[in-house]
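Analysis of the macromolecular model
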Amino acid sequence: MIDFTKPDYLKTGNEKQKRVFEVLIKYRIFERLKGYYPILAGTIPIEIDIKGSDLDIICEVKDQVEFKNFLNKTFSEFDLNIETIVINGTTSVVCNFKIEEFPVEIFGQNKQTTQQNAFLHMIAQHKILMEKGEEFKQKIIDLKKKGIKTEPAFGALLNLENPYEDLLKF
């Protein structure tokens, strides 16, 4: 099983993953965020990304005001959009910007990164992809190209009633 908690696996991945690794290193993204236990989550690590897929970087954040200030200061060379949102009663910080050809979303929540839904969904999706094989993977990618988000795409193919909750059971 791939250790998704460290971005090193990207070095030997597909072409896009290698390019992502290059950009993350060039801009020292994980180095800058190291105090927040960053993990690259989402579709790129599990190779179901499509054109325009962003780099979803999740972080463990205790103090949201401090984190917003940190992001503003640390990534000031980029055009940042930072907001506070509430998901299922949990307040989170979301920071969007672009590095070279990649949209980036840094997501901060007061929860260990390995316990955040984005990470847990990715792990479940990876296991399902390994079990179901290449044809299933291509069906997910095809649905995503039609504008269907990742979790609903898995839900549609697996007949899940509530894919956001049901994927956590995998």
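Below, the structure is looked at part by part.

The rules behind the values
- Within every chain, residues take consecutive numbers counted from 1 along the sequence as written.
- Since the coordinates come from a predicted model, pLDDT governs what is reported: local features require at least 70, and pairs of side-chain atoms require 80 or more to be given and counted, while whole-chain, interface and lining totals use all residues.
- Side-chain numbers here rest on the full set of heavy atoms in the structure, without hydrogens or water.
- Note on definitions: the grid is 1 Å and covers protein atoms alone; a cavity is a set of points where a 1.4 Å probe fits but cannot get out; a pocket is an open set with protein on both sides within 12 Å along at least five of seven lines; lining residues have an atom within 4 Å of a point.
- Grid points are joined across faces, edges and corners, and a volume is the space filled by probe spheres set on the points.
- Each helix is a run of H or I in the DSSP string that is no shorter than four residues. Each strand is a run of E no shorter than two, and both are numbered from the N terminus.
- Partly exposed describes any residue whose relative accessible area lies between the buried limit of under 20% and the exposed limit of over 50%, with all areas from a 1.4 Å probe on protein chains only and scaled to the type maximum.
- Any cysteine sulfur atom paired with another within 2.5 Å is treated as part of a disulfide.
- Residues belong to one nonpolar core when they are buried, are Ala, Val, Leu, Ile, Met, Phe, Trp, Tyr or Cys, and are joined through side-chain atoms within 4.5 Å.
- Note on contacts: a residue pair is in contact if any heavy atoms of the two residues lie within 4.5 Å.
- Expected span of a helix, by definition, is 1.5 Å for each gap between consecutive residues, and there is one gap fewer than residues.
- This arc is taken over the directions from the axis of the helix to the C-beta atoms.
- In the analysis that follows, any N or O atom pair within 3.5 Å is treated as a polar contact, provided that within protein one partner can donate a hydrogen and the other can accept it, and provided that, for residues neighboring in sequence, both atoms belong to side chains.

Counted as a void, the largest pocket has a volume near 1100 Å³. Lining the largest pocket are 32 residues, and of these E105, A118, H121, E151 and Y164 sit closest to its centre. Residue assignment for the lining of the largest pocket shows that the elements contributing at least two residues are β2 (55–60), β3 (81–87), β4 (90–99), β5 (102–109), α4 (117–132), α6 (150–158) and α7 (163–166). A total of five residues in the lining of the largest pocket trace back to one element, the largest contributor, which is α4.

The backbone of N88 shows a phi angle near 50 degrees, a positive value even though the residue is not glycine. Along the chain, the position of N88 falls in the loop between β3 and β4. A relative accessible area of 68% places N88 in the exposed class. Phi angles above zero are rare outside glycine, and E100 is one such case at about 50 degrees. Counting through the fold element by element, E100 comes out in the loop between β4 and β5.

What follows is about the state of the cysteines. All told, the structure shown has zero disulfides when counted by the stated rule. Not engaged in a disulfide, the cysteine C59 finds its nearest cysteine sulfur in C95; these two sulfurs lie 9.5 Å apart. Overall, the relative accessible area of 0% leaves C95 in the buried class.

Ranked by internal contacts, the top residues of the largest apolar core, which has 52 residues, are I29, L33, I57, F67, L71, I106 and F154. Residue contacts for L33: discarding those within four places in its chain leaves P38, I57, C59, F67, F70, L71, F75 and I106.

Before going further, it helps to spend a moment on helix α1 (residues 15–26). Relative to the 16 Å expected for 12 residues at 1.5 Å per residue, α1 spans 16 Å between its end C-alpha atoms, a close match to the ideal helical length. When α1 is considered as a whole, its buried residues turn out to be Q17, V20, F21, V23 and L24. Taken down its axis, α1 places every buried residue within 165 degrees of arc, on the same side. Every exposed residue of α1 that faces more than 90 degrees away from the buried side is listed here: E15, I25 and K26. Tucked inside the fold, the buried residues of α1 contact α2 (29–32), β1 (39–41), β2, β4 and β5. Regarding α1, its N-cap is N14, as a side-chain oxygen of that residue lies 3.1 Å from the backbone nitrogen of K16 further along. Once α1 finishes, R28 follows within two positions and takes phi at roughly 50 degrees, a positive value.

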